[in-house]
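Given next are the chains, with one letter for each unit.
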Amino acid sequence: MSTGSNGQSAGAGALLAILRDGRARTRGELAQLTGLSRSTVSQRLDGLVAERWVVAAEDPISSGGRPAAIFAFNEGARVVLAADLGATRARLAVLDLGMTVLAERAAELPVDRGPEPTLEWVATAFRELLAEGGRDLDHVCGAGVGLPGPVEHASGRPVNPPIMPGWDGFDVPGWLGARLGAPVLADNDVNIMALGEHWAAGPEVDHLIFIKIGTGIGCGIISGGRLHRGAQGAAGDVGHIRVPASEAPCRCGNTGCLEAVAGGASMAAQLRAAGVEAHGSRDVVALMRAGDLHATRLVRQAGREVGAVMASIVNFFNPSLIVLGGDVAEAGEQVLAGVRETIYSRSLPLATQHLGIRSSRLGGRAGVVGAAVMVVDHVLAPDAIDQAFEHH
């Protein structure tokens, strides 16, 4: 569909952006919403239908006369690959453009094996999942990867990641993109979880904080409906905020960090010191679920410590929703109760007047859904769609 420089294709992306809310619309409605003429709208819709981004159907509720054609976003037009890589585990999924999971897999995958063995496994698993979902690499519009460390989002390269030896500066999008033949985006794992939970919470939530309480502790910030990454991509690193009255040593070299007091690794260490077999955050949660009082007390206290740090952030940032996720948060009420207790008692009434604090809606899927949201927003951005049409 070559339109050269007369700009006729500009605006196809805007039509697609409108239809992405899931509502089907007629040409007339789209002309009204965009201010474009009906003939221009028709021309652009033809292009979107030809590329399968949009499907046309007859409007069953058309009033008399010839039924009007209605146009809807085609969620099955392409698929997205998503990988949520943690310190020791990976979750991968193939999703459609409406964030429906078509195939998924979770596996033990230590990230400290280094980038090439890890990503080789990811690329192979992606191909197997595509086959399971009845799709192939030609259907893929992009892949999103969450990594357990700081990532420079523009380049997708990890930056001095503390628990990822060998990954510093590694070109994740370049290496994986060459094997998948599709664009690859990478970000910090907590950021993609925040994107996933924001998608689940719905567009009416503009200011959200997602806290991951797992082996370590981090948070992702949605501000004005967009992910806030900060100048170096390090926004939300709350795990190393100091907790008053604690001298617990942290892996970062300081003492008294929130992570060293309330992270899953530190709780497991405290249980081991008391003679209880616990190696990581999942063991702590399993013990708590089995009724172990020591583990339950630690988890509840961890919630309070996280709440104390978050109370300052609530006063500073004034979110409307705080979502808790990660292994430890999945332990449910004990953590939630501890976090709520301190946030509501220490934050200013105005900041907490309409503040919701709840557990993750997506659970273990938050990361893969968020990685897919990141890719779809990039690939279907109005500018990207318009450019694609210009190059046809």
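Just above, that's the structure.
Counting restarts for each chain: residues are numbered from 1 in the order of the written sequence. Local features in this predicted model are restricted to residues whose pLDDT is 70 or higher, and side-chain atom pairs enter the listing and the counts only when it is 80 or higher, whereas totals over whole chains, interfaces and linings include all residues. Calculated side-chain values reflect all of the structure's heavy atoms, with hydrogen atoms and water omitted.

> How would you explain the overall build of the protein if you had to name every residue and give the values?
For the protein, the count of helices and strands is 14 helices and 15 strands. With the radius of gyration taken over C-alpha atoms, the globule rule is written as 2.2 Å times the number of residues to the power 0.38. A globule of 392 residues ought to have a C-alpha radius of gyration of about 21 Å, and the protein, at 23 Å, matches this closely. Its C-alpha atoms give the protein principal-axis dimensions of roughly 75 × 50 × 40 Å. Note on classification: 1.4 Å probe, protein chains only; a residue is buried when its accessible area is under 20% of the maximum for its type, exposed when over 50%, partly exposed between these limits. Counting over 392 residues, the protein shows a buried share of 51%. Sequence separation of 24 or more characterises 60% of the internal contacts of the protein that already satisfy a separation of 6 or more. Only carbon and sulfur atoms are counted for the fraction: they give 51% of the accessible area of the protein, which is about 17200 Å². A residue counts as positive if it is Lys or Arg and as negative if it is Asp or Glu; His and the chain ends are not included. For charged residues, the charge sits on one atom: NZ in Lys, CZ in Arg, CG in Asp, CD in Glu. Averaging the locations of the 33 positively and 41 negatively charged side chains of the protein gives two centres separated by 3 Å. Going along the chain from the N terminus, every DSSP run of H or I of four or more residues is numbered as a helix, and every run of E of two or more is numbered as a strand. In what follows, a contact means two residues having at least one pair of non-hydrogen atoms within 4.5 Å. We get accessible surface area from the Shrake-Rupley algorithm with a probe of 1.4 Å; when it comes to residues, only the shown protein chains can shield them.

> How would you sum up the sheet that holds strand E2 (residues 54-58)? Please name residues and give values.
For two strands to be treated as a pair, DSSP must find at least two bridges joining them. Strand order across the open sheet formed by three strands is E1-E3-E2, with antiparallel pairing between neighbours. Across the chains shown, the open sheet's two edge strands, defined by having one partner strand only, are strand E1 (25-26) and E2. As paired strands, E2 and strand E3 (residues 69-73) are joined by five bridges and run antiparallel to one another. In the strand pairing of E3, Ala56 is matched with Phe71. Axes, fitted as lines to C-alpha atoms, cover a helix only where it is in contact. Angles between the N-to-C directions of the axes lie from 0 to 180 degrees. Against the sheet, helix H1 (residues 12-19) engages E1, E2 and E3, with an angle of about 85° to E3.

> So, the packing of helix H4 (residues 115-132) against helix H5 (residues 172-180): which residues are in play, and what are the values?
When two helices pack together, their arrangement is given by the angle between the helix axes and the distance between those axes. Relative to each other, H4 and H5 sit at 35°, their axes nearing to 10 Å. The element H4 and its partner H5 pack so that their crossing is right-handed. Between H4, through Glu116, Leu119, Glu120, Val122, Ala123, Phe126 and Arg127, and H5, the contact on the second element is made entirely by Val172, Trp175, Leu176, Arg179 and Leu180. In this classification, Asp, Glu, Lys and Arg are treated as charged, Ala, Val, Leu, Ile, Met, Phe, Trp, Tyr, Cys and Pro as nonpolar, and every other residue, Gly included, as polar. Residue composition of the contact of H4 with H5, by class: eight nonpolar, no polar and four charged. By convention the crossing between two helices is left-handed if the near helix lies anticlockwise of the far one by an angle smaller than a right angle, and right-handed if it lies clockwise.

> Tell me about unusual backbone geometry, and name the residues and values.
Residues other than glycine seldom take positive phi values, yet Asn160 does so here, at roughly 40°. Its place among the elements puts Asn160 in the loop between strand E9 (157-158) and H5. The exposure class of Asn160 is exposed, given its relative accessible area of 56%. Look at Asn318: it is not a glycine, yet its phi comes out positive at around 55°. Relative to the helices and strands, Asn318 is located in the loop between helix H10 (293-317) and strand E14 (321-325).

> An account of the nonpolar core is requested, with residue identities and associated values reported.
Formed by 49 residues in total, the largest nonpolar core has its most connected members in Leu48 and Trp53. Considering every element that reaches this core, the biggest residue donor is helix H13 (residues 366-379), with ten residues. In contact with Trp53, other than residues within four places in its own chain, are Leu16, Leu48, Ala72, Phe73, Asn74, Ala77, Arg78, Leu97, Val379, Leu380, Ile385 and Phe389. Counting residues in hydrophobic clusters, the runner-up holds 41 residues, among them Leu258, Val285, Met288 and Ile322. What we call a nonpolar core is a set of buried Ala, Val, Leu, Ile, Met, Phe, Trp, Tyr and Cys residues that are connected through their side-chain atoms within 4.5 Å.

> I'd like to hear about the pairing of strand E10 (residues 184-188), residue by residue, with values.
Counting buried positions along E10 yields five of five residues, so the element is predominantly enclosed. Where strand E7 (residues 140-147) and E10 come together, five bridges link them in parallel fashion. If you follow Ala143 over to E10, its bridge partner there is Val184.

> How would you sum up the side chain of Glu305? Please name residues and give values.
By the element assignment, Glu305 lies in helix H10. Think of a salt bridge as a Lys or Arg side-chain nitrogen and an Asp or Glu carboxyl oxygen that are within 4 Å of each other. The buried charged residue Glu305 lacks any salt bridge, with Arg346 as its nearest oppositely charged partner at 6.8 Å. Apart from residues lying up to four places away in sequence, Glu305 is in contact with Val243, Leu258, Val261 and Ala262.

> I'd like to hear about the environment of Met374, residue by residue, with values.
Mapped onto the elements of the fold, Met374 is located in helix H13. Given the relative accessible area of 6%, Met374 is considered buried. With 189 residues separating them along the chain, Met374 and Leu185 place their C-alpha atoms 7.7 Å apart. When near neighbours in sequence (up to four residues on either side) are disregarded, Met374 contacts Gly144, Val145, His153, Leu185, Ala186, Asp187, Ile192, Leu195 and Arg229.

> Lay out the sheet that holds strand E15 (residues 356-359) in plain terms, naming residues and giving numbers.
Spatial ordering of the open sheet is given by E13-E12-E11-E14-E15, a layout of five strands whose pairing is mixed. If you trace the sheet from one side to the other, it starts and ends with strand E13 (226-227) and E15, each paired once. In this sheet, E14 lies alongside strand E11 (residues 208-213) in parallel orientation, the contact comprising five bridges. Paired with Lys212 across the strands is Gly325, a residue of E14.

> With reference to specific residues and values, describe the pattern of salt bridges.
In this structure the tally under the stated criterion is 16 salt bridges. Across the salt bridge formed by Arg105 and Glu128, the nearest N and O atoms sit 2.8 Å from each other. Within this pair, whereas Arg105 is found in strand E6 (residues 101-108), its partner Glu128 is found in helix H4, the two being separated by 23 residues in sequence. Across the salt bridge formed by Arg105 and Glu132, the nearest N and O atoms sit 3.9 Å from each other.

> I'd like a description of the packing of aromatic side chains, backed by residues and values.
In this analysis, rings of Phe, Tyr and Trp, with Trp reduced to its six-membered ring, are considered paired at centre separations within 6.5 Å, and the interplanar angle assigns stacked below 30 degrees, edge-to-face beyond 60, and tilted for intermediate values. As enumerated under the stated definition, the model contains two aromatic pairs in all. A ring has a charge above it when a Lys NZ or an Arg CZ is no more than 6 Å from the ring centre and no more than 35 degrees off the ring normal. Over the ring of Trp53 we find Arg78; its NZ or CZ atom is 4.1 Å from the centre of that ring.

> Quick rundown of the state of the cysteines? Include the residues and the values.
Any cysteine sulfur atom paired with another within 2.5 Å is treated as part of a disulfide. Summed over the entire model, instances satisfying the criterion amount to zero disulfides. Left without a disulfide partner, Cys219 is nearest to the cysteine sulfur of Cys257, which lies 15 Å away. Here Cys219 falls in the buried class, since its relative accessible area comes to 4%. Free of any disulfide, Cys252 has its nearest neighbouring cysteine sulfur in Cys257, separated by 3.7 Å.

Bear in mind that shape data such as this cannot, by itself, settle questions of function.
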